[in-house]
Amino acid sequence: MSLPVQPAPWSGPSPLTGRTAPAGASLSARAKAVGLRLAGGRTACGEAREFTERVLADWELDQLCDDALTVVSELVANAVVHGPAGGTGEAAGSEVLLRLKRRPAHLMCAVTDRGETLPSPGHTGVSLDEGGRGLIIVEALSQHWGWTRCNPVGKTVWALLPTEARI
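All values derive from a computational prediction rather than experimental measurement.

A. Seen up close, unusual backbone geometry. Cis geometry marks the peptide bond from N151 to P152; its omega dihedral reads 5 degrees. For P152, the location among the structural elements is in the loop between β4 (144–149) and β5 (155–162). In the Ramachandran plot, E60 falls in the positive-phi region, its phi being about 55 degrees despite a non-glycine side chain. Note on placement: E60 falls in the loop between α1 (44–58) and α2 (65–82). For E60, a relative accessible area of 66% translates into the label exposed.

Here you go:
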């Protein structure tokens with residue numbers, strides 16, 4: 001199952017999509033959905049985590065911080081590694097879009113890239129490989145996750161985190 005995630009057009013780097021607020025204004029005063037364009041290089045995961053932490057604090061969703069930061073890190077890392085630039089982070093095609101959407105019962109974390117490689121959970125075998133577990137981690141931390149193809153190229157991988165405490 002996939003949710004209709006409609007990424008913004010690819011038009012170059014910009015810190016936030018949608019309406020902009022004056023400097024110092026809170027993010028929640030702007031919208032219940034925000035986005036961040038990332039160059040897709042080595043700093044993309046760190047920038048995504050900082051942005052996510054700031055948004056969650058502003059939306060008063062601090063209880064989701066640990067899980068959301070891990071999910072966002074894994075989704076962005078996958079987009080950078082499996083995107084069209086193959087992790088070089090220098091080509092314009094390596095741009096990644098992170099979107100966070102606040103819903104009544106969920107936080108949706110969505111990452112869009114131009115890559116054609118479809119997401120596939122790794123394996124949890126006895127291998128000592130360092131990679132291949134990102135989507136397994138996303139699945140463990142989220143209530144639901146999936147992906148949507150973008151037209152004409154690319155995909156959005158998303159995860160839903162419940163905003164209520166787990167029992």
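Following the structure, the description resumes.
B. Summary view of a negative patch on the surface. On the surface, E47, E50, E53, E60 and D62 cluster together into a patch of negative charge. In this fold, D62 is placed in the loop between α1 and α2.

C. Focus on the side chain of T52. Mapped onto the fold, T52 is located in helix α1. What makes T52 buried here is its relative accessible area of 0%. Setting aside residues up to four positions removed in sequence, T52 forms contacts with A68, L69, V72, L98 and L100.

D. Main features of the pairing of strand β2 (residues 96–102). With six bridges connecting them, strand β1 (residues 33–38) and β2 associate as antiparallel partners. Bridge assignment links G35 to a residue of β2, and that residue is R99. Hairpin connection of β2 to strand β3 (residues 106–113): three residues between the antiparallel strands.

E. Geometry of the nonpolar core. By size, the foremost hydrophobic cluster in this structure holds 32 residues, and its most contacted members are L38, V71, V76, L98, L100 and L107. For this core, the elements supplying multiple residues, two or more each, are β1, α1, α2, β2, β3, α3 (134–141) and β5. Not counting residues up to four positions away in its chain, the partners in contact with L100 are K32, A33, V34, F51, T52, V55, W59, V72, L107, M108 and C109.

F. Looking closely at the pattern of salt bridges. This model, assessed by the stated rule, comprises two salt bridges. Across the pair D113 and K155 runs a salt bridge whose closest N-O atoms are separated by 2.8 Å. Placement of D113 in strand β3 and of K155 in strand β5 is noted, with a sequence separation of 42 residues between them. The same class applies to D113 as to K155, namely buried.

G. Up close: α1. In a regular helix each residue adds 1.5 Å, so 15 residues correspond to 21 Å; α1 covers 21 Å between its end C-alpha atoms and thus fits that length. Taken residue by residue, α1 has A44, C45, A48, F51, T52, V55 and L56 as its buried positions. Looking straight down α1, one finds that the buried residues subtend no more than 130 degrees of arc, so they occupy a single side. The elements touched by buried residues of α1 are β1, α2, β2 and β3.

H. Spotlight on the sheet that holds β3. Read across the open sheet, the five strands follow the order β1-β2-β3-β5-β4; overall the sheet is antiparallel. Every other strand in the sheet has two partners, leaving β1 and β4 as the edge strands with one partner each. For this sheet the average axis-to-axis angle between neighbouring strands, irrespective of direction, equals 15 degrees. Lying on the sheet, α1 is in contact with β1, β2 and β3; it crosses β1 at an angle near 165 degrees.

I. Structural detail: the packing of α2 against α3. Direction vectors running N to C along α2 and α3 enclose 150 degrees, while the axes themselves pass 9 Å from each other. On the basis of the axis angle, α2 is roughly antiparallel to α3. In terms of crossing hand, the pair formed by α2 and α3 is left-handed. In this structure, α2 contributes D67, T70, V71, E74, L75 and N78 to the contact, and α3 contributes G134, L135, I137, V138 and L141. Across the contact of α2 with α3, the residue classes break down as six nonpolar, three polar and two charged.

Conventions used here
- Residues numbered from 1 in each chain as written.
- Predicted model: local features only at pLDDT ≥ 70, side-chain atom pairs only at ≥ 80, totals over all residues.
- Heavy atoms only, no water.
- Helix = DSSP H or I, 4+ residues; strand = E, 2+ residues; numbered from the N terminus.
- Buried < 20%, exposed > 50% of the residue type's maximum accessible area, 1.4 Å probe, protein only.
- Patch = residues over 30% accessible without salt bridge, like charges linked within 9 Å, V, L, I, M, F, W, Y side chains within 5 Å.
- Areas by Shrake-Rupley, 256 points an atom, 1.4 Å probe, with all protein chains shown as cover.
- Salt bridge = Lys/Arg side-chain N within 4 Å of Asp/Glu carboxyl O.
- Lys, Arg positive; Asp, Glu negative; His and termini not counted.
- Charge placed at Lys NZ, Arg CZ, Asp CG, Glu CD.
- Contact = heavy atoms within 4.5 Å.
- Pairing = 2+ DSSP bridges.
- Core = buried A, V, L, I, M, F, W, Y, C linked by side-chain atoms within 4.5 Å.
- Expected span 1.5 Å × (residues − 1).
- Arc of directions from axis to C-beta.
- Axes fitted to C-alpha atoms, helices over the stretch in contact; angles between N-to-C directions.
- Parallel < 35°, antiparallel > 145°, perpendicular 65-115°, else oblique.
- Left-handed = near helix turned anticlockwise from the far one by under 90°.
- Nonpolar A, V, L, I, M, F, W, Y, C, P; charged D, E, K, R; others polar.

So far we have only geometry, and geometry alone does not tell us how the molecule works.
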